[in-house]
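# A closer look at the structure
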Amino acid sequence: MKEEKDKKSLDETLPHQISSPDFKGTSMKMQPPFTNEHGVVIGDSFYDSPNSPLNNWSTDTDPEIMAGDEWVHPTNDIGWNTAENRDLVEKKAKPKGEHFTHPTKDASYRKD
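Below: a short report on this structure.

Criteria and cut-off values
- Residues numbered from 1 in each chain as written.
- Predicted model: local features only at pLDDT ≥ 70, side-chain atom pairs only at ≥ 80, totals over all residues.
- Heavy atoms only, no water.
- Helix = DSSP H or I, 4+ residues; strand = E, 2+ residues; numbered from the N terminus.
- Buried < 20%, exposed > 50% of the residue type's maximum accessible area, 1.4 Å probe, protein only.
- Contact = heavy atoms within 4.5 Å.
- Areas by Shrake-Rupley, 256 points an atom, 1.4 Å probe, with all protein chains shown as cover.
- Polar contact = N/O pair within 3.5 Å; in protein donor to acceptor, adjacent residues only side chain to side chain.

Turning to the overall build of the chain, a few remarks are in order. Within the chain, the regular secondary structure consists of two helices and two strands. Reading the chain from its N terminus to its C terminus gives the helix and strand order α-β-β-α. By the burial criterion, 24% of the 112 residues in the chain qualify as buried. Across the chain, the fraction of contacts at a sequence separation of at least 24, relative to all contacts at a separation of at least 6, is 56%. Total accessible area on the chain stands at roughly 8,500 Å², and carbon and sulfur atoms take up 53% of it.

The structure is reproduced here in structure tokens:
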């Protein structure tokens, strides 16, 4: 029964965010959550791993600890809510190059 539930929730879409794109019919396949090298679950939509720096934050925590691809889920990430990335999915095109980033702006601000 659990396997059937998991299959439904990973049916190329995750309904937890109303504005997230639907990957059905694209060449991209939803990926399951994974645990990164810091023991933090990425892509489960709960954002509440006990080992997460967010749950253990202090004035001594360097925010850079949460930088890099190991903190980004390939298909269940807020970055897919941006207009540029939604357009890629709707056109059934895979992203080219690096993740969309900006050195001083939060590109996904108010997209969740």
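Moving on, we get to the environment of Gly25. Checked against the element boundaries, Gly25 lands in the loop between helix 1 (2-9) and strand 1 (34-35). Classification of Gly25 as exposed rests on a relative accessible area of 61%. The spacing of Gly25 and Lys92 is 67 residues in sequence and 7.6 Å in space, taken between C-alpha atoms.

Quick look at the side chain of Asn76 now. Mapped onto the elements of the fold, Asn76 is located in the loop between strand 2 (41-42) and helix 2 (83-90). Classification of Asn76 by relative accessible area gives buried; the value is 7%. Side-chain polar atoms of Asn76 contact the backbone oxygen of Gly43, separated by 2.8 Å.

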